[in-house]
Every structure is written in C-alpha cells, then in structure tokens.
Amino acid sequence: MFLRSNNRKKDGKDHRYFSIVENHRISSDKTVQRTVLYLGEINDQQQAAWRKTLSVFDEEQQNYTNLNLFPDDREIPADAVDSLQVKLSGLELRRPRVFGSCWLGCQLWQQLGLDEFWDTRLSGSHEEVPWEKVLQLLVVSQLLDPGSEFRVHRQWYLTTAMDALLGTDFAVAEKDRLYRCLDRVLEHKQELFLWLRQKWADLFKAEFEVLLYDLTSTYFEGAMEENPKAKYGHSRDKRTDCLQLVIALVITTDGFPLAYEVLDGNTSDRTTLRGFWTRLRRPMEKQNACG
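All values derive from a computational prediction rather than experimental measurement.

Visitor: Explain the side chain of Glu22 to me, please; I cannot follow it from the model alone.
Guide: The topology assignment puts Glu22 in strand E2 (residues 13-27). In terms of polar contacts, Glu22 uses its side chain to reach the side chain of His24, at 2.9 Å. A distance of 2.5 Å separates the side chain of Glu22 from the side chain of Arg34, its partner in a polar contact. Beyond its immediate stretch of four places on either side in the chain, Glu22 contacts Met1, Val32, Gln33, Arg34 and Val36.

Visitor: Please explain the nonpolar core as it appears in this structure.
Guide: Proteins that are soluble and globular tend to have nonpolar side chains buried together. Ranked by internal contacts, the top residues of the largest apolar core, which has 42 residues, are Trp118, Leu137, Met162, Val172 and Trp200. It is helix H4 (residues 131-144) that contributes the most residues to this core, six residues altogether.

Visitor: I'm lost on unusual backbone geometry in this one. Help?
Guide: With the exception of glycine, most residues fall at negative phi, and the peptide bonds are largely trans. Even without being glycine, Lys205 reaches a positive phi, approximately 55 degrees. Take Lys205: it is sitting in the loop between helix H8 (189-204) and strand E8 (211-220). The class of Lys205 is exposed, set by a relative accessible area of 64%. Look at Met224: it is not a glycine, yet its phi comes out positive at around 50 degrees.

Visitor: Quick question: what am I supposed to make of the pairing of E2 here?
Guide: The two faces of the sheet receive side chains in turn, since in a regular strand these alternate between them. Relative to E2, strand E1 (residues 2-10) runs antiparallel, the two being bridged by nine bridges. Of the residues in E2, the one forming a bridge with Lys9 is Asp14. What sits between the antiparallel neighbours E1 and E2 is a turn of two residues, in which Asp11 has the positive phi angle 55 degrees. Where E2 meets strand E3 (residues 30-41), 10 bridges bridge the pair, whose relative direction is antiparallel. By the bridge assignment for E3, Ile20 is matched with Leu37. Linkage of E2 to E3, two consecutive antiparallel strands, is achieved through a turn of two residues.

Visitor: Which parts of the structure should I look at to understand the packing of helix H5 (residues 149-156) against helix H7 (residues 175-185)?
Guide: To describe two helices that pack against each other, one gives the angle between their axes and the distance between the axes. Where H5 meets H7, the closest approach of the two axes is 9 Å, and the angle between their N-to-C directions is 150 degrees. When the axes of H5 and H7 are compared, the crossing they make is right-handed. Between H5, through Glu149, Phe150, Val152 and His153, and H7, the contact on the second element is made entirely by Lys175, Leu178, Tyr179 and Leu182. Per-class residue counts for the contact of H5 with H7 are five nonpolar, one polar and two charged.

Rules used in this analysis
- Residues numbered from 1 in each chain as written.
- Predicted model: local features only at pLDDT ≥ 70, side-chain atom pairs only at ≥ 80, totals over all residues.
- Heavy atoms only, no water.
- Helix = DSSP H or I, 4+ residues; strand = E, 2+ residues; numbered from the N terminus.
- Polar contact = N/O pair within 3.5 Å; in protein donor to acceptor, adjacent residues only side chain to side chain.
- Contact = heavy atoms within 4.5 Å.
- Core = buried A, V, L, I, M, F, W, Y, C linked by side-chain atoms within 4.5 Å.
- Buried < 20%, exposed > 50% of the residue type's maximum accessible area, 1.4 Å probe, protein only.
- Pairing = 2+ DSSP bridges.
- Axes fitted to C-alpha atoms, helices over the stretch in contact; angles between N-to-C directions.
- Left-handed = near helix turned anticlockwise from the far one by under 90°.
- Nonpolar A, V, L, I, M, F, W, Y, C, P; charged D, E, K, R; others polar.

This is a description of form; function is not addressed.
What follows is the structure, given as structure tokens:
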C-alpha cells in the first residue's frame, strides 16, 4: 500500500487530493491498483484542523508527539510549531490490520455484560493471560470471520488489532490456550443462556411467547473414535458415509438464541422436542420466579 496524491486546478487554484492505494497482481505479468481509502483534499484552509489530529509515535522514546506534517514540495507555514516535511513518494503502509470491526465486536461484548459475567466465573487462576480475554478473542473472531481455533492462532489474530484492544500479546492466541478455554466455559452454558435471555429482554425488549426450534447436523471426515456422540444417521449434507452430530437450537422470532444442545448423530428429529423443551423451561421458570 502507498499514499497517492493527485493535483487538479479549479478556478485558477491548485487542489491536491489524497488516497491510499494498494497493488493487486492478477497474473504473472499484470498488476492493477485499487483505491483502499479516499482521504480527500488537504488544502491550506484545512491545515489548521489537520494539525490538531496528527500524532507520531517515537520508537526511541516510546511515546507519542503531536507533529504537523507537510508535503516536501510545500513550504512549512511560519505559524506551524513542531513541524516537518514528508516525502509522500516514500510513504508506505506496513502490516495493516483490521481494527474497526474488532472494536465493534469488543463493544458488543461489553454491552451484553459478558466481561462481567465471565470475570466472576473464569477468574481465580494464575494463568499468563486471563481466560476472559481468551474467550473474548474467540467470540469476536467467530462473529467477524468464523473459523477454527487453529486458524485464529495461525492467521486471523495476526491480521487484526485484537492485541491492542485486549491489551495482550500473542500469548492470548496460543492454540493450546484457545482449546483449553472452550473446556472451561462449557460448564457455564446454562447460566450463560439465562444471562443472555435477560439481556435480550433489557436491551431489545425481546419477547418469549413464541419460540422457534430447529435441528441441523454436521459431519466429520474421520473415525472420531474419541467422540461418543458421533454416529451415523440421516445426513442433511447427503454424506451418509460420514459420522455426524445433530445440533438443536431454540431462538426467538427476532433471532435471539436461547439454548442449544449437541445430540447423538443418529437422533431422530421427532423425538427431541419434548425433552429439549422440558430442560429449557425449568431454568426459565425459575428465573422468572426470582425476577
């Protein structure tokens, strides 16, 4: 990626427009350029406003300094303090990372009170990285770009700004830590859905008079000898040669999840509703009585 400037004369005045551009190789001998971000014009009238927003990180001093940056082909204004000229042709972006969507995911985590919920249930250990932060990384990654824990460890985490948002280093994304985290949260599944049910009601005025129930399945290409639930059954994916699991889910009419269960792969759909509803109704009735 690089910074590109375009000059245009309008009404006898010189206007300069900036954009961030990246190269895309579409064949062995052909490259095209794509505009990633249009920055617009920085004219003399806008300079004062821009000066207030520029902050430069000093790697030697390990701190931020406010500087006024100007292109190398223009004079620095006399009233500009702490200024320097920048050679635009020499600017390039290194290690660009996804930030905005990750920030939004972390905000949703806090809005749902999940930091509070998990802090009381995953604290108490002397781990290098708090388990609550490991779980937050997993949840945000599945929200934005669903994939395996190994993919989060190997690829996704390195392309995002989650280290800055979580205040951690790569230790939070070690693959064994990601797998171990899932084992720790399973025992709190029922409490989590009761917590979310209350949040759905408080934040979104969700109603629970009508609920939707459905099942799906997922299959494995392997022996799955250590998974007692993996069995042959009716395959929705037309893979009768593979062992599978059946997943049951209950949601509101607005799409808010209330509960799920992972069932044996040979479970018949029509045999699940009564037992599932009984397991779901009891904690909900208890929560209503307490509320």
